[in-house]
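If you want the building blocks of each chain, they are given just below.
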Amino acid sequence: MTVPLEAPRFSPLPAPNKDCRRLAVGPLGVYPKTMAPVRIYTTDYCGYCSAAKKFLQSKGVPYEEIDVSGDDAAREALQARTQRNTVPQIFIGETHVGGYDDLRALDRKGGLQPLLQS
Ligand SMILES: N[C@@H](CCC(=O)N[C@@H](CS)C(=O)NCC(=O)O)C(=O)O
């Protein structure tokens, strides 16, 4: 299921606090202009998070990772926004894709590339 998010683009949550590690695959500036930015919220020791990142990497899709481990406020905000209590939670542009299973299901039905190019 995909749930469109309101603007602003690419900021579904308040900035994570300083204890929250912010990682990215490749400089954010290298996102092709035709590709929607991908943001994935994760925690440590999360197999589904690793699987989601591996899947995106296998597709050559750059993403920004926000690790919300130990950041209760960011985790609560994520839950409030997505109505999900698991990680990963994946956003493509303004669209909330869901978790790893949702990402794979979206790809299986041919919806991932169009969303990336939207
Ligand atoms: N079906 C979900 C499963 C995600 C899931 O179970 N994630 C675990 C961590 S790997 C989780 O968030 N557990 C609850 C918690 O850590 O509070 C998906 O594909 O993303």
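The structure under discussion appears in the preceding block.
Throughout what follows, the structure given in this document is the object of discussion. (Residues numbered from 1 in each chain as written. Predicted model: local features only at pLDDT ≥ 70, side-chain atom pairs only at ≥ 80, totals over all residues.)

1. A look at the overall build of the protein
Across its full length, the protein carries four helices and six strands. Counting across all 118 residues of the protein, residues that qualify as buried make up 28%. When contacts within the protein are restricted to residue pairs at least 6 apart in sequence, long-range pairs at least 24 apart make up 73% of them. (Helix = DSSP H or I, 4+ residues; strand = E, 2+ residues; numbered from the N terminus. Buried ≥ 20, exposed ≤ 12 C-beta atoms within 10 Å, placed from the backbone. Contact = placed C-beta atoms within 7 Å.)

2. What to know about the site of the ligand
The immediate surroundings of the ligand are formed by C46, G47, Y48, T86, V87, P88, G99, Y100 and D101. Mapped by element, the contributors of at least two residues to the shell around the ligand are α1 (47-58) and α3 (100-108). Here the residues of the shell around the ligand are counted per class, giving five nonpolar, three polar and one charged. (Near = placed C-beta within 6 Å. Nonpolar A, V, L, I, M, F, W, Y, C, P; charged D, E, K, R; others polar.)

3. Section: the packing of α1 against α3
Here α1 crosses α3 at 30 degrees, and the two axes come no closer than 9 Å. Considered as vectors, α1 and α3 are oriented roughly parallel to each other. Each of Y48, A51, A52 and F55 in α1 lies in contact with α3, whose residues at this interface are Y100, L103 and R104. (Axes fitted to C-alpha atoms, helices over the stretch in contact; angles between N-to-C directions. Parallel < 35°, antiparallel > 145°, perpendicular 65-115°, else oblique.)

4. Quick look at the pairing of strand β3 (residues 38-42)
The buried fraction of β3 is high, at five of five residues. Burial along β3 is two-sided: the face carrying V38, I40 and T42 and the face carrying R39 and Y41 are both buried. Here four bridges tie β3 to strand β5 (residues 89-92), and the two strands are oriented antiparallel to one another. Across the sheet, R39 pairs through a bridge with F91, a residue of β5. Here four bridges tie β3 to strand β4 (residues 64-67), and the two strands are oriented parallel to one another. Residue pairing in the sheet places Y41 in a bridge with I66 of β4. (Pairing = 2+ DSSP bridges.)

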